[in-house]
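Letter by letter, the chains look like this.
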Amino acid sequence: MREVQTGEVPFDGGTAVQHDAERPVFSGNGAYDYVCVTCGNVLAAGMDPEYMTRKVRVRCARCRTVNISAEVPFAPARRPRR
Ligand SMILES: [Zn+2]
């Protein structure tokens, strides 16, 4: 993860807010845990990089830093509508 730069707000993105510092906002079965750039708190556990794009931002419950995961934009996670 890294810190969001001022003015860096994707139009279609949203910020997930972590309410409990002991509980990751996202959890899955992927390869990586994503931690807060400032305090090292786990924000998202078991996530694959494909899901952690520029659009995914998480505000840390412990120190209130807004983190963004990707240096390089990935294709957004998506699926066809049914
Ligand atoms: Zn933090």
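Residues numbered from 1 in each chain as written. Predicted model: local features only at pLDDT ≥ 70, side-chain atom pairs only at ≥ 80, totals over all residues.

(A) How the structure looks around the overall build of the protein chain. Per the secondary structure count, the protein chain includes zero helices and seven strands. Counting only residues that meet the buried cut, the protein chain has 21% of its 82 residues in that class. Taking as baseline every contact in the protein chain between residues at least 6 positions apart, the subset at least 24 positions apart corresponds to 48%. (Helix = DSSP H or I, 4+ residues; strand = E, 2+ residues; numbered from the N terminus. Buried ≥ 20, exposed ≤ 12 C-beta atoms within 10 Å, placed from the backbone. Contact = placed C-beta atoms within 7 Å.)

(B) Fine view of the pairing of strand β4 (residues 32–35). Examined bridge by bridge, β4 and strand β5 (residues 42–47) share three bridges and lie antiparallel to one another. Within β5, the position partnered with Y32 by the bridge is M47. Counting the residues between successive antiparallel strands, the hairpin from β4 to β5 contains six residues, one of them, G40, with a positive phi of roughly 80°. (Pairing = 2+ DSSP bridges.)

(C) Local environment of the sheet that holds strand β6 (residues 56–59). The strand order β1-β7-β6-β2 describes an open sheet built from four strands, whose pairing is mixed. Of all the strands in the sheet, the pair left with one neighbour each is β1 (2–3) and β2 (14–17). Both β6 and strand β7 (residues 66–68) contribute to a ladder of three bridges, which runs antiparallel. In the sheet register, R57 faces β7, and the bridge partner there is I68.

(D) Structural context of the nonpolar core. Residues M1, V25, Y34, C36, L43, A44, M47, M52, V56, V58, C60 and I68 constitute the largest nonpolar core, which totals twelve residues. When contributions to this core are tallied by element, the ones reaching two or more residues are β5 and β6. Considering each element in turn, this core owes the most residues, three residues, to β5. (Core = buried A, V, L, I, M, F, W, Y, C linked by C-beta atoms within 7 Å.)

(E) Geometry of the sheet that holds β5. An order of β3-β5-β4 is seen for the three strands of this open sheet, with the pairing classed as mixed. Single-partner strands in this sheet number two, and they are β3 (26–27) and β4.

(F) Fine view of the environment of V25. Mapped onto the elements of the fold, V25 is located in the loop between β2 and β3. Judged by the 20 C-beta atoms lying within 10 Å of it, V25 is buried. Along the backbone, V25 and C60 are 35 residues apart, and their C-alpha atoms lie at a distance of 9.3 Å. Discounting chain neighbours no more than four positions away, the residues touching V25 are A16, Q18, L43, A44 and V58.

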